[in-house]
Amino acid sequence: MACLPVSASGENWWDHLGELPAQDEKAEVVIDRLINERLAKKGITPAAKTPPLSGLRRAMLDLCGRIPTVAEADAFLADSNPERWERKIDSLVASPEFGRFLAHELNWLLMDGKSTDFQKYLTAAVEKQVSWDGVFSAVISGRADDGDLKGVDFYLRDRVRDLDQMTNDVSVQFFGVNISCAQCHDHPYVTDWTQETYYGMRAFFTRTFETGGFAAERAYGEQSYKTTKGEERKAAPRFLGGELVAEPERGEPGPEEKKAELAVLEELKKKKESPPPPDYSRRSRLVEAALGEERKLWLARSLVNRTWYRLFGHGLVMPLDQMHGLNEPSHPELLQWLARDLAGHNFDLRRLIRGIVLSQAYQRDSRWNLGERPAPSEFAVANPRPLTPLQYAVALKIGSTRTGHFAPQLSPEEFQKRINGVAQSGAGLARWFARPGENFHVAVDEALLFSNSGEIKGQLLNAGLRDEMEKLPGHGERIALAYRSLLNRDPDAEEVETLQSYLAAREDRPREGIEQMLWAIMAGAEARFNH
């Protein structure tokens, strides 16, 4: 993306913070205190808490990638324990569904959703609760020799033919900073982002190359670049413009040594074996530099901001790839506290997500009736967020399945088996929907799809809900079941009146009327968003 104007104070915002809350406080407590303090200073009264079923739907979409079944919603409403929200969130975070969906989202962060062996690595890493710094270390090291690391090397292999892409992707995806501007010139606003910054990061990867389908690394090779004045310079490895990485002196090997190295690589290529790591690895030095005591907060801040954005629809820092020291967050103390808390608890992403979802800020209603709606950066009211293709497809599939398929008397094992089966079936529909970005609008192709796709209509209308509704005695019961199944709420009086009139006008063809009502709900804006 283009370089963006920022504050010209010349100082990093995190170097000049006041006293932060104690690190032993609960994340949800700190989140609400700091957000509410800012709202009070601005005279903004936050939105009320979202209704229970809306809150449950929101959390299950965010944590598990699906909506609740009618039986799950009924059980949640029937739970009179004052700690039911915390208990529900804990059960969701501990569930296998949480791990699978988190791995899916991380694969979108790092690989734009490509279905590769790398996604299998992420799924296994999340299941084993590998810390985020551990994932970063494994990805940059790129060694897939261990069974637990199978597929991790695909991240580098996918980028090895374009080291500029590799450099910027690592900087953006792991540290939240886009330094691509500095490839050709010093950043016009961020004084620390110079050509030396860019090529200092690129130097960590300049010895990486492809051989036999593997991303390998040499122990030699230097990075050079031309300045805007045409001067040729060498760039030593530096982590985001920090101190130089101390390296052993090493000259370029002679022709005979290179010839012997090439012979070894050719032999390994025939055997389809990966080359061994060099005795000195610059990529390993990058891992060490990035995970130093203070530098690891770059990794932590970026993950906090990405996670916050996913759960709130707006980051503490925007844009997401401009997390440098001059682009101050909306809530700087909060971002720094969460980053320190994350790094201090072994980069435990589950713990971070749990704290955010337990906060009052996360549970606010998305409806606003108090005049001008506050800016999204205030987090005074929930931002409606378009569903990802997987969320939308699975929500439609689960919502259109007959409720008896998920009967409450099922054993937990059988219930999970049935949920997994329906979710996997629904995931096949995800390819039809666009991954939402900023300023999302439903595309014309998607609207036409709902009008013309026999596959989608067949899968959803034949999943059992329509037949179940047809057997109900009255239109009111049918409307209520449709709303509870697909939108996880009860219809209001106006909706009931409108739909009863609609169905009554089709008494001579009730099945068609039910289908059309279901289709209108599924293709409607409310079903496409998380509120």
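Residues numbered from 1 in each chain as written. Predicted model: local features only at pLDDT ≥ 70, side-chain atom pairs only at ≥ 80, totals over all residues. Heavy atoms only, no water.

### So, the nonpolar core
Turning to step 1, where the next piece is worked out: Among the nonpolar cores identified, the biggest contains 103 residues, and F118, W132, F174, F175 and W308 are the most heavily contacted of them.
Turning to step 2, where the next piece is worked out: Examining the composition of this core, we find that nine residues originate from one element, helix α13 (residues 296–312), more than from any other.
Turning to step 3, where the next piece is worked out: The contacts of F175, once residues within four sequence positions are left out, are F136, V170, F239, L240, A290, W298, L299, S302 and M323.
Turning to step 4, where the next piece is worked out: L387, L449, I479 and L486 belong to the second largest nonpolar core, which has 41 residues in total. (Core = buried A, V, L, I, M, F, W, Y, C linked by side-chain atoms within 4.5 Å. Buried < 20%, exposed > 50% of the residue type's maximum accessible area, 1.4 Å probe, protein only. Helix = DSSP H or I, 4+ residues; strand = E, 2+ residues; numbered from the N terminus. Contact = heavy atoms within 4.5 Å.)

### Some points on helix α7 (residues 132–141)
Turning to step 1, where the next piece is worked out: With seven of its 10 residues buried, α7 lies for the most part within the structure.
Turning to step 2, where the next piece is worked out: Buried within α7 we find W132, D133, V135, F136, A138, V139 and I140.
Turning to step 3, where the next piece is worked out: In this structure, the buried residues of α7 make contact with α5 (96–111), α6 (117–127), α8 (154–157), α9 (163–175), α12 (282–290) and α13.
Turning to step 4, where the next piece is worked out: Phi turns positive one or two residues past the end of α7, at G142, with a value near 70°.

### A few points about the packing of aromatic side chains
Turning to step 1, where the next piece is worked out: Tallied over the entire structure, the rule returns 19 aromatic pairs.
Turning to step 2, where the next piece is worked out: The interplanar angle of 70° and the centroid separation of 6.4 Å between the aromatic rings of F76 and W85 together place this pair among those described as edge-to-face. Of the two residues, F76 and W85, both sit in the buried class.
Turning to step 3, where the next piece is worked out: Both rings, one in F136 and one in F174, keep their centres 5.1 Å apart while their planes meet at 65°; by these two values the pair is edge-to-face. Of this pair, F136 sits in helix α7 while F174 is found in helix α9, placing the two residues 38 residues apart along the sequence. Each member of the pair, F136 as well as F174, is classed as buried.
Turning to step 4, where the next piece is worked out: Pairwise contacts between aromatic rings join F118, Y121, W132, F136, Y155, F174, F175 and F239 into one cluster.
Turning to step 5, where the next piece is worked out: For R506, the ring lying beneath its charged end belongs to Y502, and the centroid distance is 3.7 Å. (Phe/Tyr/Trp six-rings, centres within 6.5 Å; stacked < 30°, edge-to-face > 60°. Lys NZ or Arg CZ within 6 Å of the ring centre and 35° of its normal.)

### Things to note about unusual backbone geometry
Turning to step 1, where the next piece is worked out: A cis amide bond links M318 to the next residue, P319, at an omega of -10°.
Turning to step 2, where the next piece is worked out: Of note in the backbone geometry, Q129 takes a positive phi value of approximately 55° without being a glycine.
Turning to step 3, where the next piece is worked out: Relative to the assigned elements, Q129 resides in the loop between α6 and α7.
Turning to step 4, where the next piece is worked out: Phi is positive for K272, close to 55°, though the residue is something other than glycine.
Turning to step 5, where the next piece is worked out: With respect to the helices and strands, the residue K272 is situated in the loop between α11 (255–271) and α12.

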